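# Inside the fold
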Amino acid sequence: MNKMLTGAVATAISVSFVAEASATEWNVSVWGKRRAFTEHVEKLAELVSEKTNGEFTMNVSYGGLSKNRENLDGISIGAFEMAQFCAGYHPDKNRLITVLELPFLGVSNLDEEVAVSHAVYAHPAVQEEMAQWNAKLLMTSPMPQYNIVGTGDPRDELGEFEGMRVRATGGLGKAFEAVGAVPTSVTATEAYQAMESGVVDTVAFAQHAHLSFGTINQADWWTANLNPGTVNCPVVVNIDAYDSLTDAEREALDSSVEEAIAHYLANYGELLKKWDAVLEEKGVTKVEISDAELDAFRATAADPIRAAWIADIEEQGLPGQELYDLVESTLADAKGTN
């Protein structure tokens with residue numbers, strides 16, 4: 001009898017270990033705190049867990065696994081299975097997706113941003129470049145056009161941008177530099193301190209980031225319509241981890257991307273509806289840039305920076321013109337269906 005009981009207990013323990021071993025748990029590295037920028041990651045984790053009855057779970061860590069500038073490095077060595085990063089943090093590591101950070105691309109809403117981002121992510125040359133970091137592009141983190149908050153008197157003419165110290169990365173930084181500003185690429189989490197200490201006069205962010213990182217609390221004014229461009233921040237997964245998923249787990253992950261993005265867009269839409277009330281509550285002046293000044297900004301920043309980017313990428317033997325044309329054609333299609 002005792003032998004039978006012992007055998008039954010051993011079998012139960014064995015089954016328990018097998019059940020535990022079969023569960024898949026991923027660590028996900030993001031930064032800051034939960035906000036509109038991370039809602040698709042949170043939704044993805046929720047959907048994947050639901051579809052696999054809790055057998056595939058994701059632990060989303062806000063800064064506990066890596067610094068934001070080091071997330072792609074962490075993915076490359078398998079320190080965690082999924083991460084979010086922004087192209088402007090290390091453009092030398094993700095040269096091709098920086099096409100999406102060129103100024104004045106003409107993207108007018110988040111749906112269009114998703115369309116052009118995912119078209120670029122699907123390009124074989126882009127996938128090959130990211131594979132060098134053992135990274136598979138999963139989805140974008142679509143953000144509206146950046147605008148700047150600043151201290152002191154409002155700046156509504158290009159001449160007033162001369163010498164302006166602005167937190168701006170990637171193509172946005174180059175755009176501001178073209179009109180005489182002095183860009184600095186401090187990370188999002190460092191932006192408030194940079195503004196508070198006077199290291200920068202202005203900060204370029206999307207609305208959610210001005211709220212999340214507190215720069216709106218330092219602001220005297222905000223440009224409502226400068227719209228020079230945005231940054232591109234993909235969510236990537238470690239290729240080895242992705243390949244090791246079961247077919248069912250992989251299907252649960254892949255099939256959840258579209259719904260996670262839809263959730264993100266709906267959530268961000270609600271935030272944008274409240275933005276004017278936030279400005280009023282905090283006493284921030286809304287600055288409208290004239291059409292003439294905007295045209296001058298585009299003429300100075302858009303064409304030269306785009307041409308320089310294409311030439312630089314082509315010189316490296318990569319399809320710069322092809323990727324820019326892909327953005328243009330995808331955007332035209334997206335605008336035609338809106």
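The text that follows walks through the structure, step by step, so that each part is easy to find. (Residues numbered from 1 in each chain as written. Predicted model: local features only at pLDDT ≥ 70, side-chain atom pairs only at ≥ 80, totals over all residues. Heavy atoms only, no water.)

In this model, asparagine 134 sits at a positive phi of 60 degrees, which is unusual for a non-glycine residue. Along the chain, the position of asparagine 134 falls in the loop between α5 (124–131) and β4 (135–139). Judged by its relative accessible area of 16%, asparagine 134 falls in the buried class. Positive phi, close to 45 degrees, is recorded for asparagine 227, a residue that is not glycine. For asparagine 227, the position within the fold is in the loop between β9 (221–223) and β10 (235–238). Note on asparagine 227: relative accessible area 30%, which makes it partly exposed. (Helix = DSSP H or I, 4+ residues; strand = E, 2+ residues; numbered from the N terminus. Buried < 20%, exposed > 50% of the residue type's maximum accessible area, 1.4 Å probe, protein only.)

Glancing now at helix α12 (residues 291–315). In a regular helix each residue adds 1.5 Å, so 25 residues correspond to 36 Å; α12 covers 35 Å between its end C-alpha atoms and thus fits that length. The principal kink in α12, of about 30 degrees, is found at arginine 298. Among the residues of α12, those classed as buried are Leu294, Phe297, Ala301, Ala302, Ile305, Trp309, Ile310 and Ile313. Against α6 (170–178) and α13 (320–337) lie the buried residues of α12. (Expected span 1.5 Å × (residues − 1). Bend = angle between axes of the 7 residues up to and from the residue. Contact = heavy atoms within 4.5 Å.)

With respect to the element layout, aspartate 201 can be found in the loop between α7 (191–196) and β8 (202–205). Within polar-contact distance, the side chain of aspartate 201 engages the side chain of arginine 165 at 2.5 Å. Apart from the residues within four sequence positions on either side, aspartate 201 is in contact with Val149, Gly150, Thr151, Arg155, Gly163, Met164, Arg165 and Met195. (Polar contact = N/O pair within 3.5 Å; in protein donor to acceptor, adjacent residues only side chain to side chain.)

With that settled, consider helix α4 (residues 110–121). In this model α4 runs 16 Å from its N-terminal to its C-terminal C-alpha over twelve residues, within 8% of the 16 Å that 1.5 Å per residue would give. Buried residues along α4 sit in contact with α5, β4, α11 (257–282) and α13. Where α4 begins, one side-chain oxygen reaches toward the backbone nitrogen of aspartate 111, 3.2 Å away; that side chain belongs to asparagine 109.

Here we take up the pattern of salt bridges. Within this structure, the stated rule accounts for 13 salt bridges. Residue lysine 335 is joined to glutamate 112 by a salt bridge in which the shortest nitrogen-to-oxygen separation is 3.1 Å. Placement of the pair is lysine 335 in helix α13 and glutamate 112 in helix α4, with a sequence separation of 223 residues. Among the residues examined, lysine 335 registers a relative accessible area of 38% and is labelled partly exposed. The salt bridge partner of aspartate 295 is arginine 298, with a shortest N-O separation of 3.0 Å. Of this pair, aspartate 295 and arginine 298 both sit in helix α12, three residues apart, which is roughly one turn of that helix. Overall, the relative accessible area of 46% leaves aspartate 295 in the partly exposed class. (Salt bridge = Lys/Arg side-chain N within 4 Å of Asp/Glu carboxyl O.)

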